[in-house]
Amino acid sequence: MITAKGNTVQPGIAIGTIRMYHKTDLQILPDKTKDTSAEWKKYLQGKKEAAAQLKKMEKLAVQKAGREESMIFGAHQMILSDPHFEEIVKEKIKEEHFNAAYAVYLAGEAMAGDLAAIEEDPYMKDRAVDFRDVSMRVIRRIRHVKEEMEISSKPVILLADDLTPSETIGLHTDKILSFVTVGGSTDSHTAILARSFGIPTLVNTEMELSDDLNGKTAIVDALNGTIMIDPTEEQLQKMTAQKASYEKQQEELKDFAGRETTTKSGRTIRLSANVGSLTGVRKALANGAEGIGLFRSEFLYLNRPVAPTEEEQFTVYKTAVTLMKDKDVIIRTLDIGADKKVDYLQTSEEENPAMGLRAIRLGLDRPEAFMVQLRALYRASAFGKMGIMFPMITSTEEVDRIFHLMDTVKKELVAEGREIGEPKVGIMIETPAAAVISDQLAKQVDFFSIGTNDLTQFTLAMDRKNPELSGFRNEHHTAVLRLIEMTVQSAKEARIPVGICGELAADPSLTEYFINLGIDELSVSTPGLLSLRKRICSLE
Ligand code: PEP
Ligand code: MG
């Protein structure tokens, strides 16, 4: 038996079979070609191989999992032979001269996009996912990329060296019992994503990875930060019982789903959720969120070769505010850069990307692209209670420049006769500079939200992604707490609401302190909502 220690990102216990994750660095760029017949041939060959693969998988699935589970592979074969899909590929190659992989990508997106417009229908939504799956399979064949998670009829414990945020959102999380990575730190974006899935997760785990671990039984005890590989029968029994008791406790928390978040003396806090997608919004709502305190819109921009269009973003934001009805939805404009890179924005390599051309700096540097998002946000704000929030602010001048762009967008939309709403405008306080001048910033905006992840990283000058710093990082450092206090005081003086949306918001040892400071909102990942509500309700 092997036992290794790691840092818990999401508590829980998982028992199952190990699956090693290997990286597939698949970039699909819109390169054009002169030799269209060579690209067409590549497509036909890719399609042929994908069809053979699906046939094989269908057979395997019948043996391993049953006829019903195998049907998905039959459905995928039908998509592969859809004449309309092929027509789009042909047009993109023969007429627009795109390379085969990109043409297939565009065809998949076109088919999925038509279906996603009827996004509220779960059947159609699944079909959109199927189109994307099939097109990615063909692209992998065109590029000769090895298949990952080929046929997981049973959910697995996923072991990886490290995962990027894009890789994490690309995984089929319903097939994953637990994530365990050797790299990573608890405040990284990958960890934040894993936490939002509610799957027991360990990072910075002290173990050697090898393909020999594939298929072995493991217990991930993310309550105590350990993974046990090849456990004894006795340990299996003990941990199965502990798992059942933990799940029972979690079940009991559901009593708090419909309750108000109020202390015994009557102080009410808005308890909101941090999300990165519409699925996240739905989960948050189902788990009793009183709002969305942080919608990380940049996740819409990852894992794709081109930026989402205005219409696509409008549909997502409109659906988010519509789903949340009269509850506030704070959408943060894209925070691309640092660990969340996209090729199509063609930013240069930076030595210190976390302190580079990222977040609002990128928005102000590329106003055309940024204004597409602002247009989508303004239009969607007509359908619900929206707050637009800007990341990584360091000066009042930046806020002035943002208002100027917002004004231009607003005028444009009105001139076009578009319906727009009146969203609240807020900023993240996540740089020491913003906290120090929060008195000036508070006069410019409608609300503040404190991003303690970056605020801690920049105040302590400690990379939030670096696991080797875990022994140095003090989450409760007086310098960070003083900056939080300054920010809250500035917000109170200007009579604007202030929330916390960084990971510290979920720290139960600080809940009483935050409430006494006068924090108006705590926004945490969905799996942490109910235990935090229970904690707040138990306070005087
Ligand atoms: C933060 O920095 O605290 C924050 C909430 O933003 P992100 O984690 O996305 O950087
Ligand atoms: Mg941040």
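The structure this text deals with has already been given above.
The structure displayed is predicted, hence computed values, not measured ones. Residue positions are given per chain, counted from 1 along the sequence in the order it is written. Written order decides the labels, with chains lettered from A and ligands numbered from 1. pLDDT decides what is reported in this predicted model: residues at 70 or higher carry local features, side-chain atom pairs at 80 or more are listed and counted, and totals for whole chains, interfaces and linings draw on all residues regardless. Side-chain numbers here rest on the full set of heavy atoms in the structure, without hydrogens or water.

**Thoughts on the overall build of the protein**
- Across its full length, the protein carries 19 helices and 16 strands.
- Computation of the radius of gyration draws on C-alpha atoms alone. For the globule rule, the value is 2.2 Å times the number of residues to the power 0.38. Whereas a compact globule of 540 residues would reach a radius of gyration of roughly 24 Å, the protein reaches 24 Å, a difference of no more than 12%.
- Taken along the three principal axes of its C-alpha coordinates, the protein extends 70 × 65 × 45 Å.
- Exposure is judged per residue with a 1.4 Å probe applied to protein chains only, and the accessible area is read against the type maximum: over 50% gives exposed, under 20% gives buried, and values in between give partly exposed. Buried residues in the protein amount to 52% of all 540 residues.
- Contacts were defined at the residue level, with two residues in contact if any of their heavy atoms lie within 4.5 Å. Sequence-distant contacts in the protein: of pairs separated by 6 or more residues, those separated by 24 or more amount to 69%.
- Per element, the accessible surface of the protein, about 24600 Å² overall, is 51% carbon and sulfur.
- Charge separation in the protein, taken as the distance between the mean sites of 68 positive and 81 negative side-chain charges, equals 3 Å. Strands here are runs of E lasting at least two residues and helices are runs of H or I lasting at least four, both read from the DSSP assignment and numbered beginning at the N terminus. In short, Shrake-Rupley with a 1.4 Å probe defines the accessible areas, and a residue's cover is counted only from the protein chains shown. Asp and Glu are treated as the negative residues and Lys and Arg as the positive ones, with His and the ends of the chain left uncounted. The atom standing in for a charge is NZ when the residue is Lys, CZ when it is Arg, CG when it is Asp and CD when it is Glu.

**Some points on the coordination of the magnesium ion (ligand 2)**
- The protein atoms that coordinate the magnesium ion (ligand 2) are E430 (OE) and D454 (OD), at distances spanning 2.0 to 2.1 Å. With E430 in the loop between β13 (424–429) and α14 (432–436) and D454 in helix α16 (residues 452–460), this residue pair connects regions lying 24 residues apart in the sequence.
- We classify E430 as buried; its relative accessible area is 2%. For Na, K and Ca the donor cutoff is 3.2 Å, while for all other metals N, O and S atoms count as donors only within 2.8 Å; water does not appear among the atoms, so some sites may look incomplete.

**Quick notes on the packing of helix α10 (residues 310–324) against helix α12 (residues 367–380)**
- The axes are straight lines fitted to the C-alpha atoms, using for helices just the contacting stretch, and the angles between their N-to-C directions are given from 0 to 180°. Where α10 contacts α12, the two axes come as close as 8 Å, and the packing angle between them is 35°. For α10 against α12, the interelement crossing comes out right-handed. Contacts between α10 and α12 involve E310, E311, Q313, F314, Y317, K318 and V321 on the former and, on the latter, V372, Q373, R375, A376, L377, R379 and A380.
- We call Asp, Glu, Lys and Arg charged. Ala, Val, Leu, Ile, Met, Phe, Trp, Tyr, Cys and Pro are nonpolar, and the rest, Gly among them, are polar. Tallied by class, the residues present in the contact of α10 with α12 amount to seven nonpolar, two polar and five charged. Here a crossing is taken to be left-handed if its near helix is turned anticlockwise relative to the far helix by less than a right angle, and right-handed if that turn runs clockwise.

**Topic: the site of ligand 1**
- A single heavy atom is enough: if one lies within 4 Å of a molecule or strand, its residue is considered near that molecule or strand. Around ligand 1, the surrounding shell holds 16 residues, and the nearest of these are R296, R332, G451, N453 and R464.
- Between N or O atoms, a polar contact is any pair within 3.5 Å; within protein, one atom must be a potential hydrogen donor and the other a potential acceptor, and residues adjacent in sequence are included only when both atoms are from side chains. Between ligand 1 and D454, the relevant distance is 3.0 Å, taken from an oxygen atom to a side-chain nitrogen or oxygen of the residue.
- In this structure, an oxygen atom belonging to ligand 1 sits 2.8 Å away from a side-chain N or O atom of R464.
- Sorting the residues of the shell around ligand 1 by element identifies α7 (189–197), β10 (291–296) and α16 as the ones contributing at least two each.

**What about the side chain of T205?**
- By secondary structure assignment, the location of T205 is in the loop between β6 (201–203) and β7 (217–221).
- Contacts of T205, omitting those with residues within four sequence positions, involve A4, K5, G6, V180, T181, V182 and I227.

**Description of the packing of α12 against helix α13 (residues 396–415)**
- Orientation of α12 relative to α13, taken along the N-to-C sense of each, is 60°, at an axis distance of 10 Å. Viewed along their axes, α12 and α13 adopt a mutual orientation that is oblique. For α12 against α13, the interelement crossing comes out right-handed. Within the contact between the two elements, α12 uses P367, F370, M371, L374, R375, Y378 and R379 and α13 uses L405, M406, T408, V409, K410, E412 and L413.
- Among the residues making up the contact of α12 with α13, the classes are represented as nine nonpolar, one polar and four charged. Here is the rule for angles: anything less than 35 degrees is roughly parallel, anything more than 145 is roughly antiparallel, 65 through 115 is roughly perpendicular, and the remaining ranges are oblique.

**Here's the deal with the pattern of salt bridges**
- We define a salt bridge as a side-chain nitrogen of Lys or Arg found within 4 Å of a carboxyl oxygen belonging to Asp or Glu. Following the criterion strictly, the structure yields 29 salt bridges and no others.
- Here R195 makes a salt bridge to E503, at a shortest N to O gap of 2.0 Å. Residue R195 is located in helix α7, and its partner E503 is located in the loop between β15 (498–500) and α18 (511–517); the two are separated by 308 residues in the primary sequence.
- For E503, a relative accessible area of 16% puts it in the buried group.
- Residue E412 pairs with R375 through a salt bridge whose shortest N-O separation is 3.0 Å. Of the two residues, E412 sits in helix α13 while R375 sits in helix α12, which places them 37 residues apart along the sequence.
- Take R375: its relative accessible area is 11%, and that puts it in the buried class.
- Connected via shared salt-bridge partners are E298, R332, D335, K340, R358, D454 and R464.

**Re the packing of aromatic side chains**
- In this scheme Phe, Tyr and Trp rings, the latter by its six-membered ring, pair at centre separations within 6.5 Å, and the angle between planes marks the pair as stacked below 30 degrees, edge-to-face above 60, and tilted otherwise. Taken as a whole and assessed by the stated rule, the structure comprises nine aromatic pairs.
- Of the aromatic side chains, those joined through ring pairs into one cluster are F98, Y102 and Y105.

**Observations regarding the sheet that holds strand β3 (residues 13–20)**
- Taken together, the eight strands give an open sheet; going across it, the order is β1-β8-β7-β3-β4-β5-β6-β2, and neighbouring strands pair in mixed fashion. Looking at the sheet topology across the chains shown, the edges are occupied by β1 (2–5) and β2 (7–10). On average, each strand axis in the sheet is inclined to that of its neighbour by 30°, with strand direction left out of account.
- The criterion for strand pairing is that DSSP finds at least two bridges linking the strands in question. Taken together, the two bridges between strand β5 (residues 176–181) and β6 define a ladder with parallel strand orientation. Pairing of V180 across the sheet is with L202, part of β6.
- Strands in contact with α7 are β2, β5 and β6; relative to β2, the strand with the most contacts, it is inclined by about 55°.

**Here we look at the nonpolar core**
- Counting residues in hydrophobic clusters, the biggest one holds 85 residues, and the most contacted among them are F390, F448 and L522.
- Ignoring anything within four residues of it in the chain, the contact list for F390 reads T333, I360, F370, L374, I402, M406, V425, G426, I427 and M428. Working definition of a nonpolar core: buried Ala, Val, Leu, Ile, Met, Phe, Trp, Tyr and Cys residues. They are joined through side-chain atoms within 4.5 Å.

**Notes on α7**
- Most of α7 is tucked away: seven of the nine residues are buried.
- What α7 keeps buried is the set H189, T190, A191, I192, L193, A194 and R195.
- Following α7 by one or two positions, G198 adopts a phi angle in the positive range, close to 75°.

**Focus: empty space enclosed by the protein**
- The way it works is a 1 Å grid over only the protein atoms, where trapped points that fit a 1.4 Å probe form a cavity and open points with protein on both sides within 12 Å along at least five of seven lines form a pocket, and then any residue with an atom within 4 Å of a point lines it. Grid points are joined across faces, edges and corners, and a volume is the space filled by probe spheres set on the points. Here the structure, examined in full by the defined rule, presents three cavities of 30 Å³ or more.
- Approximately 70 Å³ is the volume found for the largest cavity.
- What lines the largest cavity is a set of 13 residues, among which R296, R332, E430, N453 and D454 lie closest to the centre.
- Listed by contribution, the elements that provide at least two residues to the lining of the largest cavity are β10 and α16.
- For the lining of the largest cavity, a count of residues per class yields three nonpolar, four polar and six charged.

**Examining the side chain of R358**
- Mapping R358 onto the fold places it in the loop between β11 (328–332) and α11 (359–365).
- When sequence neighbours within four positions are dropped, the list of residues in contact with R358 reads D335, I336, G337, A338, P353, M392, D454, Q457 and F458.

**What about helix α8 (residues 233–253)?**
- For α8, with 21 residues, the first-to-last C-alpha span of 31 Å sits near the 30 Å given by 1.5 Å per residue.
- For α8, every residue scored as buried is listed here: L236, M239, Y246 and L253. The buried residues of α8 occupy an angular sector of 95° when the element is viewed end-on, so they sit on one face. Within α8, the exposed residues directed more than 90 degrees away from the buried face are E233, E234, Q237, K238 and K248.
- Elements that come into contact with the buried residues of α8 comprise β3, β7, β8 (226–229) and α19 (529–538). One less than the residue count of a helix, multiplied by 1.5 Å, gives the span that helix is expected to have. In this description, the arc belongs to the directions extending from the helix axis to the C-beta atoms.

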